[in-house]
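# Structure at a glance
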Amino acid sequence: MTSETNKASFTLEEAFNLAVEHYQKGEKEAARNIFEQILTAAPDAVPVLQVLSVLDMEDNHFTAAETKLRHAQSLAPEDLSLTLDLAIAIKAQGRNKDALRYTEDVLSLDPANAAALQLRQELTALMGQRGASKRDQKQLEQIKQHKSQQLDTEIAETLAVVETLMTQGQNEQAEQLIIAILSLDENNREAIHKWSQLLMLQEKNIEAAHQLKRLLALNPTDELAALLLSKVYARLNQYAEGRLVCQNFVRAAGHHAQIEKQWLVMCVKDKQWLQGEALGKPLKQRYPEDNDICYLYTLCSFHLLRNRHNYTPETMQATIDCIDQTMVGASQKRLNELLSYKAEVTWYLGDIQQAESYFTDVFRMNPDNLQMRWLQHILFLHRNNWQEYYPAYELGIELDERVNHTSDMPRWHANLAKEETVIVLPEQGVGDEIRFYHNLNFIIERAQKVFVACDQRLVPYLSLAYPTVSYIPLKRSQEKHLLDIPTEIVQQCTSWIPAGSIGGEIYAKTSKHWAKPHYGVFPADLKQHWQDKIDAHHSGKGLRIGISWRSGLGSASRNINFLKTHEVAHFIKQFPGATFYNLQYGECSKELKKIEKLSGVKVIQLEGLDLRDDFLATAAVMDSLDVVFTAPTAVHMLTVTTTTPCYVYGAGSNESNFAEPTEYFGDMNEKQEFFFRFPPLMDNKYPMIEAISQRIKADFTR
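Residues numbered from 1 in each chain as written. Predicted model: local features only at pLDDT ≥ 70, side-chain atom pairs only at ≥ 80, totals over all residues. Heavy atoms only, no water.

### Here we look at empty space enclosed by the protein
Taken as a whole and judged by the stated rule, the model has three cavities of 30 Å³ or more. Computed from the structure, the largest cavity encloses a volume of approximately 120 Å³. Along its surface, the largest cavity is lined by 13 residues, and Arg435, Phe436, Asn439, His513 and Phe665 are the ones closest to its centre. The set of elements that each furnish at least two residues to the lining of the largest cavity consists of α22 (386-398) and α23 (430-436). Sorting elements by how many residues they give to the lining of the largest cavity places α22 first, with three residues. Grouping the amino acids of the lining of the largest cavity by side-chain chemistry returns six nonpolar, five polar and two charged. Empty space within the second largest cavity amounts to approximately 40 Å³. For the second largest cavity, the full set of lining residues is Arg435, His438, Met637, Val640, Lys671 and Glu673. Tallied by class, residues from the lining of the second largest cavity come to two nonpolar, one polar and three charged. (1 Å grid on protein atoms, 1.4 Å probe; cavity = no way out; pocket = protein on both sides within 12 Å on 5 of 7 lines; lining within 4 Å. Points joined across faces, edges and corners; volume = space filled by probe spheres on them. Helix = DSSP H or I, 4+ residues; strand = E, 2+ residues; numbered from the N terminus. Nonpolar A, V, L, I, M, F, W, Y, C, P; charged D, E, K, R; others polar.)

### Some details on helix α6 (residues 96-109)
End to end, α6 covers 20 Å across 14 residues, agreeing with the expected 20 Å (1.5 Å per residue, within 8%). Of the positions making up α6, those classed as buried are Asn96, Ala99, Leu100, Tyr102, Thr103, Val106 and Leu107. End-on, the buried residues of α6 take up no more than an arc of 165 degrees, which puts them together on one face. Exposed residues pointing more than 90 degrees away from the buried face of α6 are listed as Lys97, Ser108 and Leu109. Elements in contact with the buried residues of α6: α4 (62-75), α5 (80-92) and α7 (114-126). (Expected span 1.5 Å × (residues − 1). Buried < 20%, exposed > 50% of the residue type's maximum accessible area, 1.4 Å probe, protein only. Arc of directions from axis to C-beta. Contact = heavy atoms within 4.5 Å.)

### Description of the sheet that holds strand β7 (residues 627-630)
Strands sit in the order β6-β5-β7-β8-β9 across an open sheet of five strands; the sheet is parallel. Both edges of this open sheet fall to β6 (579-582) and β9 (673-678), since each of them pairs with a single strand only. Ignoring strand direction, the axes of neighbouring strands in this sheet form an average angle of 25 degrees. The pairing of β7 with strand β8 (residues 646-651) spans three bridges and is parallel. Within β8, the position partnered with Thr630 by the bridge is Val648. This element, helix α29 (residues 565-573), spans β5 (544-547), β6 and β7 of the sheet and lies at about 170 degrees to β5. (Pairing = 2+ DSSP bridges. Axes fitted to C-alpha atoms, helices over the stretch in contact; angles between N-to-C directions.)

### With respect to the layout of surface pockets
One way to see where empty space is left: roll a probe the size of a water molecule over the atoms. Considered as a void within the structure, the second largest pocket measures approximately 310 Å³ in volume. Along the walls of the second largest pocket sit 16 residues, with Glu277, Tyr297, Ser301, Ala318 and Thr319 positioned nearest its centre. Mapped onto the lining of the second largest pocket, the elements with two or more residues apiece are α15 (273-286), α16 (291-308) and α17 (313-327). No other element matches the six residues that α17 contributes to the lining of the second largest pocket. Of the residues belonging to the lining of the second largest pocket, the class tally is five nonpolar, six polar and five charged.

### Focus: the packing of α16 against α17
A packed helix pair is summarised by two numbers, namely the angle formed by the two axes and the spacing between the axes. Across the interface, α16 lies against α17 with an axial gap of 9 Å and an inter-helix angle of 155 degrees. Accordingly, the angle class assigned to the pair α16 and α17 is roughly antiparallel. The two elements α16 and α17 meet at a crossing, and its hand is left-handed. On α17, the residues touching Cys294, Tyr295, Tyr297, Thr298, Ser301, Phe302 and Leu305 of α16 are Thr315, Met316, Thr319, Cys322, Ile323, Gln325 and Thr326. (Parallel < 35°, antiparallel > 145°, perpendicular 65-115°, else oblique. Left-handed = near helix turned anticlockwise from the far one by under 90°.)

### Considerations on the sheet that holds strand β2 (residues 449-455)
The four strands lie next to each other as β3-β2-β1-β4, forming an open sheet whose pairing is parallel. Both outer strands of the open sheet, β3 (470-474) and β4 (495-498), are each paired with one neighbouring strand and no more. Recorded for the sheet is a direction-independent mean angle of 20 degrees between the axes of neighbouring strands. Two elements, strand β1 (residues 421-425) and β2, share four bridges in a ladder whose sense is parallel. In the strand pairing of β2, Thr421 is matched with Lys449.

### Description of the state of the cysteines
Applying the stated criterion across every chain, the model contains zero disulfides. There is no disulfide at Cys246, and the cysteine sulfur nearest it, in Cys267, is 8.7 Å away. Judged by its relative accessible area of 1%, Cys246 is buried. In this model Cys493 remains outside any disulfide bridge; the closest cysteine sulfur is found in Cys454, 14 Å from its own. For Cys493, a relative accessible area of 9% puts it in the buried group. (Disulfide = S-S within 2.5 Å.)

### Brief notes about the confidence of the model for the chain
For the chain, the average pLDDT comes to 88, and 94% of its residues sit at 70 or higher. Predicted confidence for residues 1-10 stays below pLDDT 50, and this span has one contact to residues more than four positions away or in other chains. The model gives residues 554-558 a pLDDT under 50, and that stretch makes eleven contacts with residues more than four places away or in other chains. (pLDDT = per-residue confidence, 0-100.)

### Thoughts on the environment of Tyr393
Examined against the element boundaries, Tyr393 turns out to sit in helix α22. C-alpha separation for the pair Tyr393 and Gln376, spaced 17 residues apart in sequence, amounts to 8.4 Å. Contact partners of Tyr393, with chain neighbours within four places excluded, come to Trp374, His377, Arg402, Glu427, Gln428, Phe436 and Gly500.

### Observations regarding unusual backbone geometry
Non-glycine residue Asn60 carries a positive phi angle of around 65 degrees. In this structure, Asn60 sits in the loop between α3 (46-58) and α4. In this structure Asn60 comes out as exposed when scored by relative accessible area, which is 55%. A positive phi is found at Gln672, a non-glycine position, where the angle reads about 55 degrees. By secondary structure assignment, the location of Gln672 is in the loop between α33 (668-671) and β9.

### Things to note about the packing of aromatic side chains
Applying the stated criterion across every chain, the model contains 24 aromatic pairs. Centroid distance Trp386 to Tyr390: 6.2 Å. Interplanar angle 35 degrees. Geometry classified as tilted. On the criterion of helical spacing, the pair formed by Trp386 and Tyr390 is a turn pair, its members being four residues apart in helix α22. Of the two residues examined, Trp386 and Tyr390, each falls in the buried class. Their ring planes at 70 degrees and their centres at 6.5 Å tell us that Phe575 and Phe580 sit as a pair that is edge-to-face. This pair shows no difference in class: Phe575 is buried, exactly as Phe580 is. Here the aromatic cluster, defined as three or more aromatic residues joined through ring pairs, consists of Trp374, Trp386, Tyr389, Tyr390, Tyr393, Phe436, Tyr507, Tyr664, Phe665 and Phe675. Between Arg101 and the ring centre of Tyr102, over which it is positioned, the NZ or CZ distance is 4.7 Å. (Phe/Tyr/Trp six-rings, centres within 6.5 Å; stacked < 30°, edge-to-face > 60°. Lys NZ or Arg CZ within 6 Å of the ring centre and 35° of its normal.)

Written out as structure tokens, the structure reads:
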């Protein structure tokens, strides 16, 4: 063959491919023009004759198609596809007998040719040969069934090879075989399952999610697909999507232990304690022998109790019962964890000796349990065990229970040189901040410069108390303990310390817990403004008493530290002639009306006082009162920064004597901070209220 011939042949091949490309795009006219040009150059090109005959038939030009096909057949008589196309073209012209003759020619050489059998079945039906038509139909079905079975067998054998390859870690070869299967049967669920699992093995979670969603679209009740998709979403930290997969499956298929358990896992991973408890309770009843479900439900119950502060006797005892049930048959690792939960709830219940016993058991089984040691700081505080309290409290930093700092900057300690520029970071809530800022002088006296990051609402108050400090106002993030400290400030600092850690430094140096008992400083005009407002409501005879009875968490079911409205009214009744001023921040108008109805005394709401956001004005009001009676909240902490005596009530332990105040970080008389602790499950708090009232009266008649 000459080079010229090679060039011409290559050119015709290119033209043919271009025409096919036009045809596939639906550009039939352009395709026909190219094919006809090829045919002019090569009139005996069989593939071109066949393609043009197909185009003729699509345009209902069956005679022209027949002419081209007869010519092609004369050139390639062994090509059965040409003979079959010729039969189709003749049939389209109504010449059924001639068409049947050509069809029989094909079948004589290829008896299992499905297309020829289909055509013969149609022709015999048209010609009234019903028996022959039925025979062909039956043979067609047998061929299709045989091919399907053959394909299924080949796919099953290939999938077995895929399984072996996956076991051997030959993932690329396994994937190639799966793709080959799907090219034959794009919706083969077993192959898609294998592919999904292979993708998960390779940590290709997004691709795996796509294939698993495809499976669920084919069959919404595919249990394995739903389970795997939920697990993939868990890997991607898309817990809401994982829960939705489980929810949709249960909606479509009904109750299912594995899927509902996975749903519960998603709740736990996403810390959706309320949804988890609602889901887990009926699950626990349906599958009482499933230890995993019992454990997951217990986690939700415990964390819901802790996070919602729902410390009622009923909820705490229910949580203890749940923990006890789950401990039966639990692994050693889970036993340690569950016992730590039981210790914590037992502490909430007021049984401090039993709680300490549980803590001891936990440490005996797991001496490296830092989380449990951190939780113990509450017990150490109750016992005034300061040697153990401060180290335990420090563990909250590395456990991410307190504020942390992510840079390489070293921690500040009292023994560092005075040239340090220190940044003081806040703690969990504004009440803690107020308490810990009693200690700022300790650092101010020992550092060259001090930055204090604090709740933006505290800046006006702290600026007067500590004018040499530079303040970084913050708006609290809901995401853990993340703080948005400007980079330019961080770059100036040489060391850092959380506000709550200063007390440990002070205690190590002086055996005290604070640097300054009262740090409130007030502009004279502001102090006089609020003093005048307070005096305007005062009769001139009884005490001026500020009251607050709960935190701002109105949904906390009046937790163990709070008083109910009838108990607040009982306190008011103990002081005939006194004037009471509201210090309860947040919406409390309904409670104030109820207190007035029960006590017969109107609690004064000072006009223009923003109790939630204006800490300077609120502290000025407190400083102008004779006494403050409050729960252990930010109101308590703010009062102690002033010189006004603060009488605080809060849950202690079953050993607590509510008639006598206890020290709370140091000398109660110097700070005028009198903390009355009561047993957490004490139903009747009237005796405690009367005891505190008697102490207040005695203190003010000395």
